[in-house]
Amino acid sequence: MPLDQLTDEEIDSEGKEMSFLDHLEELRWHIIRAVGSIFLFAIIAFVYIDDIFRVVVMGPKNPNFWTYRMMCKLGDMTGYTDLCVKKLNFELQSLGVSDQFTMAMTSSAIIGLCFAFPYAFWEVWRFIKPGLRSVEKNAARGAVFFVSLLFLMGLMFGYFIVSPLAINFLANFQITPEIKNQFDITSYIGILVTLSLGCALIFQMPMVAYVLSKVGVLTPKFMREYRKHAWIVILVVAGIITPSPDIYSQVLVALPLTLLYEVSILVSARIERARLKERKELMES
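The following refers to the structure shown. Chains are numbered independently. Their residues run from 1 in the order of the written sequence. In keeping with the predicted nature of the model, local features appear solely for residues at pLDDT of at least 70, side-chain atom pairs appear and are counted solely at 80 or more, and the whole-chain, interface and lining totals rest on all residues. Note that the side-chain values use all heavy atoms of the structure and ignore hydrogens as well as water.

**Some words on the overall build of the protein chain**
If you tally the helices and strands in the protein chain, you get 12 helices and two strands. Each helix and strand of the protein chain, ordered N terminal to C terminal, gives the series α-α-α-α-β-α-α-α-β-α-α-α-α-α. In terms of overall dimensions, the protein chain is more spread out than a globule: its C-alpha atoms have a radius of gyration of 25 Å, far above the 19 Å expected for 285 residues. Its C-alpha atoms give the protein chain principal-axis dimensions of roughly 90 × 50 × 25 Å. Across the 285 residues in the protein chain, those meeting the buried criterion constitute 34%. Across the protein chain, every contact between residues at least 6 apart in sequence was considered, and the portion connecting residues at least 24 apart equals 80%. When the accessible surface of the protein chain is summed, it comes to about 18,300 Å², and 66% of that surface belongs to carbon and sulfur atoms. Here the protein chain contributes 26 positive and 27 negative side-chain charges, whose respective centroids are spaced 11 Å apart. Secondary structure counts use DSSP, requiring at least four H or I residues in a row for a helix and at least two E residues in a row for a strand, with both numbered from the N terminus. Values of the radius of gyration come from C-alpha atoms, whereas the globule rule sets the reference at 2.2 Å times the count of residues to the power 0.38. Buried means the residue's accessible area, taken with a 1.4 Å probe over protein chains only, is under 20% of the maximum for its type, while exposed means over 50%, and partly exposed covers the values in between. Residue contacts are counted whenever heavy atoms from the two residues lie within 4.5 Å of one another. Per-residue and other accessible areas were derived by the Shrake-Rupley procedure at a 1.4 Å probe size, with only the shown protein chains allowed to occlude residues. Charge assignment: positive for Lys and Arg, negative for Asp and Glu; neither His nor the chain ends contribute. A charge is said to be at NZ when it belongs to Lys, at CZ for Arg, at CG for Asp and at CD for Glu.

**Some details on the pattern of salt bridges**
Criterion for a salt bridge: a side-chain nitrogen of Lys or Arg within 4 Å of a carboxyl oxygen of Asp or Glu. In the structure shown here, the tally under the stated rule is five salt bridges. Close ionic contact of arginine 28 with glutamate 25 constitutes a salt bridge, the shortest N to O distance being 2.9 Å. Residue arginine 28 and its partner glutamate 25 are both found in helix H2 (residues 20–47); the two are separated by three residues, about one turn of the helix. Take arginine 28: its relative accessible area is 41%, and that puts it in the partly exposed class.

**A few points about helix H9 (residues 205–214)**
The periodicity of an α-helix, 3.6 residues per turn, causes residues three or four positions apart to be oriented the same way. Those residues of H9 that fall on the buried side of the exposure criterion are Pro206, Met207, Ala209, Tyr210 and Ser213. Across the axial projection of H9, the buried residues extend over an arc of 160 degrees, all falling on one side. Immediately beyond the C-terminal end of H9, within one or two residues, lies glycine 216, with a positive phi of roughly 85 degrees. Think of it as the arc spanned by the lines of direction from the helix axis to the C-beta atoms.

**A short note on the layout of surface pockets**
Throughout, the protein atoms alone are placed on a 1 Å grid, and a set of points is a cavity if a 1.4 Å probe fits but cannot get out or a pocket if it is open with protein on both sides within 12 Å along at least five of seven lines; lining residues have an atom within 4 Å of a point. Grid points are joined across faces, edges and corners, and a volume is the space filled by probe spheres set on the points. Taken as a whole, the second largest pocket spans an internal volume of roughly 540 Å³. Along the walls of the second largest pocket sit 22 residues, with Val56, Ile111, Cys114, Phe115 and Leu155 positioned nearest its centre. Breaking the lining of the second largest pocket down by element, the ones donating at least two residues are H2, helix H3 (49–57), helix H5 (99–128), helix H7 (143–172) and helix H8 (185–202). Looking at the lining of the second largest pocket residue by residue, the classes come out as 20 nonpolar, two polar and no charged. Charged residues are taken to be Asp, Glu, Lys and Arg, nonpolar residues to be Ala, Val, Leu, Ile, Met, Phe, Trp, Tyr, Cys and Pro, and polar residues to be all remaining types, Gly included.

**Remarks on a nonpolar patch on the surface**
Exposure above 30% relative accessible area and the absence of a salt bridge qualify a residue for a patch, where like charges join within 9 Å and nonpolar side chains (Val, Leu, Ile, Met, Phe, Trp, Tyr) within 5 Å. A cluster of nonpolar side chains, namely Phe39, Leu40, Phe41, Ile43, Ile44, Val47, Tyr48 and Phe115, defines an oily patch on the protein surface of about 840 Å² accessible area. Per-element tally for the nonpolar patch: the top contributor is H2, with six residues. Among the structural elements, leucine 40 can be located in helix H2.

**Looking at the packing of H5 against H7**
Where H5 contacts H7, the two axes come as close as 10 Å, and the packing angle between them is 155 degrees. By the criterion of interaxial angle, the relationship of H5 to H7 is roughly antiparallel. Where H5 crosses over H7, the handedness of that crossing is right-handed. For the pair H5 and H7, the contacting residues are Cys114, Phe117, Pro118, Phe121, Trp122 and Trp125 in the first and Ala143, Val144, Val147, Ser148, Phe151, Leu152 and Leu155 in the second. Looking at side-chain class alone, the contact of H5 with H7 contains 12 nonpolar, one polar and no charged residues. Whenever a helix is involved, its axis is fitted only over the stretch in contact; in every case the axis is a line through C-alpha atoms, and angles between N-to-C directions fall within 0 to 180 degrees. Should an angle fall under 35 degrees it is called roughly parallel, over 145 degrees roughly antiparallel, and 65 to 115 degrees roughly perpendicular, with every other angle called oblique. Here a crossing is called left-handed whenever its near helix is offset anticlockwise from the far helix by less than a right angle, and right-handed whenever the offset is clockwise.

**Describing the packing of aromatic side chains**
Note on ring pairs: Phe, Tyr and Trp rings are taken, using the six-membered ring of Trp, and paired if centres are within 6.5 Å. Classes follow the plane angle, with under 30 degrees stacked, over 60 edge-to-face and the rest tilted. On inspection of all chains with the given rule, the structure shows 14 aromatic pairs. Ring centres of phenylalanine 65 and tyrosine 68 lie 5.9 Å apart, and the angle between their planes is 65 degrees; this geometry places the pair in the edge-to-face category. Taken individually, phenylalanine 65 and tyrosine 68 each receive the classification buried, so the pair is uniform in this respect. With a centroid separation of 5.2 Å and an interplanar angle of 75 degrees, the aromatic rings of phenylalanine 145 and phenylalanine 146 are classed as edge-to-face. Classification of phenylalanine 145 as exposed rests on a relative accessible area of 53%.

**Quick look at the state of the cysteines**
Cysteine sulfur atoms are paired as a disulfide whenever they come within 2.5 Å of each other. Overall, the coordinates contain one disulfide when judged by the stated rule. Two residues, cysteine 72 and cysteine 84, share a disulfide whose sulfurs are 2.0 Å apart. Its torsion about the S-S bond being 80 degrees, the disulfide of cysteine 72 and cysteine 84 is classed as right-handed. Placement of the pair is cysteine 72 in helix H4 (residues 66–78) and cysteine 84 in the loop between H4 and strand E1 (91–93), with a sequence separation of 12 residues. A relative accessible area of 15% means that cysteine 72 is categorised as buried. Classification of cysteine 84 as partly exposed rests on a relative accessible area of 24%. Between cysteine 114, a cysteine without a disulfide, and cysteine 199, which holds the nearest cysteine sulfur, the sulfur-to-sulfur distance is 12 Å. Overall, the relative accessible area of 13% leaves cysteine 114 in the buried class. We classify cysteine 199 as buried; its relative accessible area is 4%.

None of the figures reported here should be taken as evidence of function without further support.
Have a look at this one:
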C-alpha cells in the first residue's frame, strides 16, 4: 500500500521509534531478569552454604589447599623451600551476634553474582545491541563470550593465586609472638572477595583495549611506546596485591598481567589493521 494511503495509526505503528519511556521499560525488564538470575543462584548457594563455606570459602585457610600444594612442589623444584606453606598461623572468629548469618547471606549473593554473570551480562548486551550499527554489531560479535571468559579466568586467578598468597603472608606475619592472629570472619571474606573480583575486573584489560581502539582513543603504537612503563606499573600492582616479600610470588602474579597487556596490544593492532584496510577500500572505490 502506498504511504499516502496509510492511516495515521498504521504509520505510527510501522515507523515510530521507541520512546524514552519504552526504552526505560525494556531496560527495566532486562535488569529484572539479570537480577533474578543472580537471586536464583544466590538461593541455590544458600541452600548448600555449609559445603560452600567448608570447601570454597575456607579453602585458602587450609595448608592442604591446591595452591599451597603447588607452591610446595615449586619450592622443591627451585630449592626455595620457603615457598612451601605448612601452617597458616591464624584463627577465624565471629564477633557479632549476626555475623555468621550475614556472612552466609553475603557469600551466597557473591557466589550468585559470579555464576550468573554470563547471563546477566548477556541481558545487558541484549539491551545495548539494537542501538548499534551493523558494522558495530559485527565488530562486537562474541563480546558476551569473551567478557564472560575473561571474567571467569580472572576470578579463578584471584581465588587460586592472588588470595592464597596474600592470606598466607598476612596470616604468618607477626610483629611479636606475644600477639596472636585472630581475624574476624568479615575481614577474611572481605580480602578473599576483593582480590578475586578485583582480578576478574583486571582481566577485562583486552576488552577495554578493544573498545578504546574501536573508538580511536587507544593505538598499538602508544601501547608499545609505553610498554616499559606498563611493566613497572604491573610490578607495582603485583607487589601491592601480593604483600609477600618473596620474588616468586610477585612474578607469579605479574606474568599473567604482562601477558594480558601483550594480548591487549595484539587486539589493538588488529583493530587498527581493519580500520586501515576499510579506509583503503573506501579510497579505492
